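# A closer look at the structure
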Amino acid sequence: MDLTLVVQLEKKIDQLLARKQALEEECQQLLSDRDRLLQERERFVNELDRILAKLDGLDQEVS
């Protein structure tokens, strides 16, 4: 077997491993971003519910 083929194969494997590592890091970042956005959404929903409850209370006082 030609040594250049082995060297080329090794380079390709190294590239694949580096790409895999980069994708794993990107995946972790995306999961972190998702968690942060879900927490932000939860806070927003809670605040909106609180405001709507206040408005509902005002509506009942007026009626």
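Cut-offs used in this document
Residues numbered from 1 in each chain as written. Predicted model: local features only at pLDDT ≥ 70, side-chain atom pairs only at ≥ 80, totals over all residues. Heavy atoms only, no water. Helix = DSSP H or I, 4+ residues; strand = E, 2+ residues; numbered from the N terminus. Rg over C-alpha atoms; globule rule 2.2 N^0.38 Å. Areas by Shrake-Rupley, 256 points an atom, 1.4 Å probe, with all protein chains shown as cover. Lys, Arg positive; Asp, Glu negative; His and termini not counted. Charge placed at Lys NZ, Arg CZ, Asp CG, Glu CD. Salt bridge = Lys/Arg side-chain N within 4 Å of Asp/Glu carboxyl O. Buried < 20%, exposed > 50% of the residue type's maximum accessible area, 1.4 Å probe, protein only. Patch = residues over 30% accessible without salt bridge, like charges linked within 9 Å, V, L, I, M, F, W, Y side chains within 5 Å.

Before going further, it helps to spend a moment on the overall build of the protein chain. Of regular secondary structure, the protein chain possesses one helix and zero strands. Rg of the C-alpha trace for the protein chain: 27 Å, well past the compact-globule value of 11 Å for 63 residues, more than 25% over. Projecting the C-alpha coordinates of the protein chain onto the three principal axes gives extents of approximately 90 × 10 × 10 Å. In the structure as shown, the protein chain presents an accessible area of about 6,100 Å², 59% of it carried by carbon and sulfur atoms. Of note, the protein chain has its 10 positive side-chain charges centred 4 Å away from the centre of its 15 negative side-chain charges.

To continue, consider the pattern of salt bridges. It is possible for side chains bearing opposite charge to pair when their charged atoms get close. Applying the stated criterion across every chain yields a total of four salt bridges. Close ionic contact of Arg36 with Glu40 constitutes a salt bridge, the shortest N to O distance being 3.7 Å. One end of the pair, Arg36, and the other, Glu40, are both in helix 1 (residues 3-62), four residues apart, so they sit about a helical turn from each other. The exposure class assigned to Glu40 is partly exposed, which follows from its relative accessible area of 41%. For Glu47, the salt bridge is made with Arg50, and the minimal N-O distance between the two is 2.3 Å. In this pair, Glu47 and Arg50 are both assigned in helix 1, three residues apart and thus about one turn of the helix distant.

It is worth spelling out the environment of Leu38 at this point. In this fold, Leu38 is placed in helix 1. For the pair Leu38 and Gln8, spaced 30 residues apart in the sequence, the C-alpha separation amounts to 45 Å.

Turning to a nonpolar patch on the surface, a few remarks are in order. Side chains of Phe44, Val45, Leu48, Ile51, Leu52, Leu55 and Leu58 sit close together on the surface and give an oily, nonpolar patch of about 630 Å² of accessible area. Along the chain, Phe44 turns up in helix 1.

Mapped onto the elements of the fold, Lys11 is located in helix 1. Judged by relative accessible area, which is 54%, Lys11 ranks as exposed. Sequence separation of Lys11 and Leu38 is 27 residues, and the distance between their C-alpha atoms is 40 Å.

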